[in-house]
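Results of the structural survey
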Amino acid sequence: MRFLILILCFLLAGLAPVSAAEKALANPRNITFPPLAYQIPKAERIMLECGMPVYLLRDSELPIINISALVRVGTVYDPAGRSGLAGMVGSVMRSGGAGGLSPEKMDDELEFMASSVESSIGSDMGTVSLTTLTKNFSRTLKIFSDVLLRPDFSAARIEIARKQSIEGLRRQNDDPKEIAGREIGKAIYAGHPLGVVPSYASVSAIQRQELLDFHGRFFRTDNIILAVSGDFNREVLLKELNATFGPARKVEALRLPEIPQPARNVTAEVIYAKKDVNQTVIRMGHPGLSKDDPELYAVRVLDYILGGSFTSRLTTEIRTNQGLAYNVGSHFDIGRRFTGSFVAETETKAESTVKAIKLMSGIIAGMTKEPVSDSELNAAREYIVNSFMFGFANPASIVTQRARLEYYGYAADYLERYRDNIAKVSAADVLNAARKYLHPDAFKMVLVGNAEKFDAPVASLGSVRELDLKLDIPK
Amino acid sequence: MKRIVMAVMLMMLSVSGLQAATLEEKVVEHTMKNGMKLLLVERHTSPTVSAWIRFRVGSVDEKSDERGIAHLLEHMLFKGTTTIGTKDYASEKPLLVQIEQTGQQLIAEKAKRDKADAVQLDTLQKKLTALESEASKFVIKDEFFELYSKNGGTGYNAFTSRDGTTYLISLPANKLELWAAIEADRLQNAVLREFYSERSVVMEERRRSYDADPDSKLWETFLASSFLAHPYGQPTIGWMSDIEGLTRTKAEQFFHNYYAPNNAIVAIVGDIDTAATIKLVERYFGDMKPGKTLAPVTAEEPKQAGERRIELVAEAEPTIVMGFHKPAIATADDYVFDVITMILGSGRTSRFHKKMVIEKQLATDVGVFDAPGSRYPNLFLVSATPRTPHTVSEVEASILAELELLKTQPVTERDLQRILNKMEYEEARRMGTNGGLARNLTEYEAVTGSWRYMTEQRGKIAKVTPADIQRVARDYFTRENRTVGFITKKGGDK
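Cut-off values and rules
- Residues numbered from 1 in each chain as written.
- Chains lettered and ligands numbered in written order.
- Predicted model: local features only at pLDDT ≥ 70, side-chain atom pairs only at ≥ 80, totals over all residues.
- Helix = DSSP H or I, 4+ residues; strand = E, 2+ residues; numbered from the N terminus.
- Buried ≥ 20, exposed ≤ 12 C-beta atoms within 10 Å, placed from the backbone.
- Contact = placed C-beta atoms within 7 Å.
- Expected span 1.5 Å × (residues − 1).
- Arc of directions from axis to C-beta.
- Pairing = 2+ DSSP bridges.
- Axes fitted to C-alpha atoms, helices over the stretch in contact; angles between N-to-C directions.
- Domains from an automatic or database assignment.
- Nonpolar A, V, L, I, M, F, W, Y, C, P; charged D, E, K, R; others polar.
- Parallel < 35°, antiparallel > 145°, perpendicular 65-115°, else oblique.
- Left-handed = near helix turned anticlockwise from the far one by under 90°.
- Core = buried A, V, L, I, M, F, W, Y, C linked by C-beta atoms within 7 Å.

Scanning chain B for helices and strands turns up 19 helices and 11 strands. Taken across its 494 residues, chain B has 50% of its residues classed as buried. Pairs at least 24 residues apart make up 80% of the contacts formed inside chain B by residues separated by at least 6 positions.

Set out below in structure tokens:
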């Protein structure tokens, strides 16, 4: 309450005539601000009759309703030899008709209402989303639920999706950045489903029945969390959702295949692909950590200092001081269900390739040698704490965030304690985390470019495996 | 007090539940005495605010020896001022003068190409590096970023286009004064330090975004070939040799010529109090003197009198882009092009998607858009990714067949209604984020003269008739007015 009064006073002062004191302009370095207490908006959690959890947040600023359905599924469940199956399920659920409504009719009806229903499956989560003007909600909800639970998988649309993915594979080596991004992922997760990418053979082998089976196995009301936001009437909405998803059914308990965790240790390797271009794409990294590792908060701070901001060590040295790159940085992708990864990246002209790699490796190794400075530590903690509210800037992101936390099994008070946990991170914590999670000696390193123009031989970086970019895909 | 606040909130909820406020009702306009234009929108969804400043100057305004300067200057304006980004400007300044002299000597020597003196080049390069290293002792690296960032600022960035240059940031709502303090200082006291190393960064940006990416390289070549006279054909980033010739002196001249309050449009959207925000901006920017009024580009693209075909041989699968010259934004025919763009290219019910992706499966995707700017006459564009074994020629023939159909068969009422429904939805949706709304307000205010373009466009489009579409298709989709660009795979089949 006192905060509110303070803010009101500030606003009132703003309306008063300009006085001499007010005319004084603040110095950006030591400017002070009226206080702002920020609490994360709460979403309501409700259980539908069928047992599906729903997060709700009403906001009537715009006459729009958004829904996201989070489904426990993922490309990691692609069977052996069928890489691409989950991705195709995710795409054809929407494009292949549903609930007896043909693909053409569904497209026409949705687009005439300016409503959108989309579906996709990522590595460890499936998403079906709905966006609609409030006035078209009921009809769009029906189509959404059919796409989610009753897709028809039109054989003709499966063939189109298959041909499209094959065309994508045919083009997978056109852009050097795409090659490097794919190859670093394959190298870091070699031997694990996360390291497998679709091939011409796997995509060609997929049968329609396999799509139906895969969908049936995972897309069931006891394996979905909903997030609903926007301009709805709560009672009407709940009635509609219950009518749509029905009562609880007695079904065989859900059994998901066990997927092992990827290996955390890898050995160093230089992977080189030749492209006749004037700039080399560089990616280097190894497995990282998961959300349940106790060093999570220290790693967030480390990430910002090392390569996650415009004033990070990597950006300051490689870009600002040396002018060697436009894009340079590093990132710990925090694993949710599986161990995450650390990847550092840049692109630099062929003639400075090895120089940039050595500088980057040295900067990364430096994190494991000395504690970060107080000013680095403070800047990182302050940014993460003070910008926290931007994760919740609209109702859709608030409910989706809550649903994601439940989906991945975060502690109930994870968000509420997040800022305090960041604020507690010390320079020693960052050093410990760096020593545990950064291993430049074990980097998988991908280089895509023209080694003839490099400033030193690729072999000077370690043992080299050259990739053959020639694809064996029939016309 | 608490009860009153709650009562007020309940009232607001019930009122807004009946009728969401329109953009027209939400935007507050304020023009300052020095010409700076403010567009303000209160949104109290979260305690955040987005502030965008758009300058009505882009790469289209560059002279031939300045190509790339609008964009490089945008980079340079992150480097600080006489007080920010430096430990001691008085000591730093003489070094900056020497760096500029040496930089210019180096450029002059390099410009001799084969006849350049290798020893002289080496000496000058070493001298430049030594001076830069000396000057860097006074630099506080990226202090603007650091100040915004520790205060929770996100999305601190800028972008340069043909039409304009925009600087943006989102902040916790109680920290808007930091934005005013930094941006007012930047506009009046910018110091373009670290110029030549930043120029190298831009060269890397060019290699990354154009040279090494076949699709972008085709795009750049295609645009340059589409405009013989009008500067819309020049790449915003500049050709490599353009960037090599840019100096800090040129960047400073460009800055002083164009970055004046009367060329600036500011949008502030979020959890603000409108009256207090106007006072805040007046306090920081109100004393600045207006600059020259920007003269429009006088070059006019001569009427194209025959098809142009542009081939790029690359280590990549084929793609195709087709363009037709058309009038600028917010002209009568441009609204007809809006309708055509949506009929042909918007969504899964669009004609190109239905015909080429689903029915004939000639392509995996087809896009329709206009570019490369909109202040001046631009291009209507179709791009497509052919699906093997289908060729660029087959895809091209299919695109042309659909364009022909527009000339002969009137579009249906349902097609037109679907477009209006889509626009109704988009009008609502685009009010949903602070940054998105600030972007649209500054963009449309700059290129059409008023942000009200956003509220008036649907009404104009509602008046477009099937006959208008046939006429525009016949007038513009001609062989003479067409440019076709495509990638041929290196070493591939003929």
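We now examine helix H5 (residues 118–136) of chain B. Residue and element names in this part refer to chain B. Between its terminal C-alpha atoms H5 stretches 27 Å, which fits the 27 Å expected from 19 residues at 1.5 Å a residue. Looking only at H5, the buried set comprises Leu124, Leu131, Glu132 and Ala135. Viewed along the axis of H5, the buried residues span an arc of 100°, placing them on a single side of the element. Residues of H5 that are exposed and angled more than 90 degrees away from the buried face: Ala118, Val119, Asp122, Lys126 and Ser133.

Our next topic: unusual backbone geometry. Geometrically, the link from B:Ala371 to B:Pro372 is a cis peptide bond, its omega value of 0° lying close to zero. Of note, B:Pro372 is situated in the loop between strand S9 (363–371) and strand S10 (378–386). A cis amide bond links B:Thr388 to the next residue, B:Pro389, at an omega of 10°. Mapped onto the secondary structure, B:Pro389 falls in the loop between S10 and helix H15 (392–408). A positive phi is found at A:Phe153, a non-glycine position, where the angle reads about 50°. You can see A:Phe153 is positioned in the loop between helix H5 (137–149) and helix H6 (155–170). Despite not being glycine, B:Glu194 shows a phi value in the positive range, around 60°. Mapping B:Glu194 onto the fold places it in the loop between helix H7 (176–189) and helix H8 (195–211).

On to helix H11 (residues 248–258) of chain B, then. Count 3.6 residues to each turn of an α-helix, and residues three or four apart come out pointing the same way. All names here are of chain B. Along H11, the residues that are buried comprise Arg248, Ala251, Phe254, Phe255 and Tyr258. Axial view of H11: buried residues confined to an arc of 125°, hence all on one face. Tucked inside the fold, the buried residues of H11 contact strand S3 (48–55), helix H3 (69–76), helix H4 (89–110) and H8.

This part takes up the sheet that holds strand S4 (residues 116–121) of chain A. All names here are of chain A. Taken in spatial order, the six strands make up an open sheet running S1-S2-S6-S3-S5-S4, and their pairing is mixed. The strands lining the two open edges of the sheet, one partner per strand, are strand S1 (44–47) and S4. Taking each pair of neighbouring strands and ignoring which way they run, the sheet shows an average axis angle of 15°. Pairing analysis gives seven bridges linking strand S3 (residues 64–71) to strand S6 (residues 224–230), with the strands arranged antiparallel. Paired with Ile67 across the bridge in S6 is Val228. Taken strand by strand, H5 contacts S3, S4 and strand S5 (126–133), and its axis lies near 165° from that of S5.

Residue and element names in this part refer to chain A. Domains assigned within chain A are domain 1 (44–245) and domain 2 (269–466). Inter-centroid distance (C-alpha atoms) of domain 1 to domain 2 is 30 Å. Listed by partner, the interface residues are 25 residues for domain 1 and 29 residues for domain 2. When contributions to the side of domain 1 that touches domain 2 are tallied by element, the ones reaching two or more residues are strand S2 (53–58), S3, helix H7 (176–188) and S6. It is H7 that contributes the most residues to the side of domain 1 that touches domain 2, nine residues altogether. When grouped by side-chain class, the residues that make up the side of domain 1 that touches domain 2 number 16 nonpolar, five polar and four charged.

A word on the environment of A:Val196. Positionally, A:Val196 belongs in the loop between H7 and helix H8 (200–205). Considered as a pair, A:Val196 and A:Asn278 are 82 residues apart in the sequence and their alpha carbons are 30 Å apart.

As a further point, take the interface of chain A and chain B. Each partner contributes residues to the interface: chain A has 68 residues there, and chain B has 71 residues. Among the residues forming the side of chain A that touches chain B, the class breakdown is 31 nonpolar, 16 polar and 21 charged.

All names here are of chain B. One open sheet holds the five strands; their spatial order is S7-S11-S8-S10-S9, and the pairing between them is mixed. Looking at strand neighbours, the two that pair on one side only are strand S7 (308–314) and S9, the edges of this open sheet. Each neighbouring strand pair of the sheet contributes to a mean axis angle of 15°, computed without reference to strand direction. Where S7 and strand S11 (residues 482–489) come together, seven bridges link them in parallel fashion. Residue pairing in the sheet places Val313 in a bridge with Thr488 of S11. Lying on the sheet, helix H9 (residues 214–226) is in contact with S7, strand S8 (320–326), S10 and S11; it crosses S7 at an angle near 155°.

All names here are of chain B. Relative orientation of the contacting elements H4 and H5 amounts to 160°, with a least axis distance of 9 Å. Classified by the interaxial angle, the pair formed by H4 and H5 is roughly antiparallel. Crossing of H4 against H5: the hand is left-handed. Across the interface between the two elements, Glu92, Leu95, Leu96, Gln98, Ile99, Thr102, Gly103, Gln105, Leu106, Glu109 and Lys110 of H4 pack against Gln120, Leu121, Leu124, Gln125, Lys127, Leu128, Leu131, Glu132, Glu134 and Ala135 of H5. Within the contact of H4 with H5, the residues separate by chemical class into nine nonpolar, six polar and six charged.

All right, on to the environment of B:Ala371 then. All names here are of chain B. Along the polypeptide, Ala371 turns up in strand S9. Sequence separation between Ala371 and Arg162 is 209 residues, and the spatial gap between their C-alpha atoms is 9.5 Å. Contacts of Ala371, omitting those with residues within four sequence positions, involve Asn378, Leu379 and Leu381.

The next thing to look at is the packing of H3(B) against H8(B). Residues and elements named next belong to chain B. At their nearest, the axes of H3 and H8 sit 10 Å apart, and the two run at 120° to each other. Considered as vectors, H3 and H8 are oriented oblique to each other. Of the two possible hands of crossing, H3 and H8 adopt the one that is right-handed. Residues Leu72, His75 and Met76 of H3 touch H8, and the partners they reach there are Phe195, Glu198, Arg199, Val201 and Val202. Of the residues assigned to the contact of H3 with H8, the class counts are five nonpolar, one polar and two charged.

What follows concerns the pairing of strand S7 (residues 269–274) of chain A. Of the strand pairs in this sheet, S7(A) and strand S11 (residues 444–449) of chain A are connected by six bridges, and their pairing is parallel. The residue bridging A:Ile271 from the neighbouring strand is A:Val446, located in S11(A).

Bringing the pairing of S10(B) into the picture now. Residues and elements named next belong to chain B. Burial of S10 is extensive: nine of the nine residues sit out of reach of the surface. Examined bridge by bridge, S8 and S10 share seven bridges and lie antiparallel to one another. The residue of S10 that forms the bridge with Lys326 is Asn378. The antiparallel hairpin formed by S9 and S10 contains six residues in its connecting segment.

Before going further, it helps to examine the nonpolar core. Ranked by internal contacts, the top residues of the largest apolar core, which has 211 residues, are A:Val228, A:Val301, A:Leu302, A:Val399 and B:Ala251. Split by domain, the residues of this core number at least three in each of domain 1 (44–245) and domain 2 (269–466) of chain A. Ignoring sequence-local partners within four residues, the contact set of A:Val399 consists of A:Ala43, A:Tyr55, A:Leu56, A:Leu57, A:Ala227, A:Val228 and A:Ser229. Core analysis: the next-biggest nonpolar cluster, separate from the first, contains 48 residues, B:Phe227, B:Met322, B:Val339 and B:Tyr376 among them.

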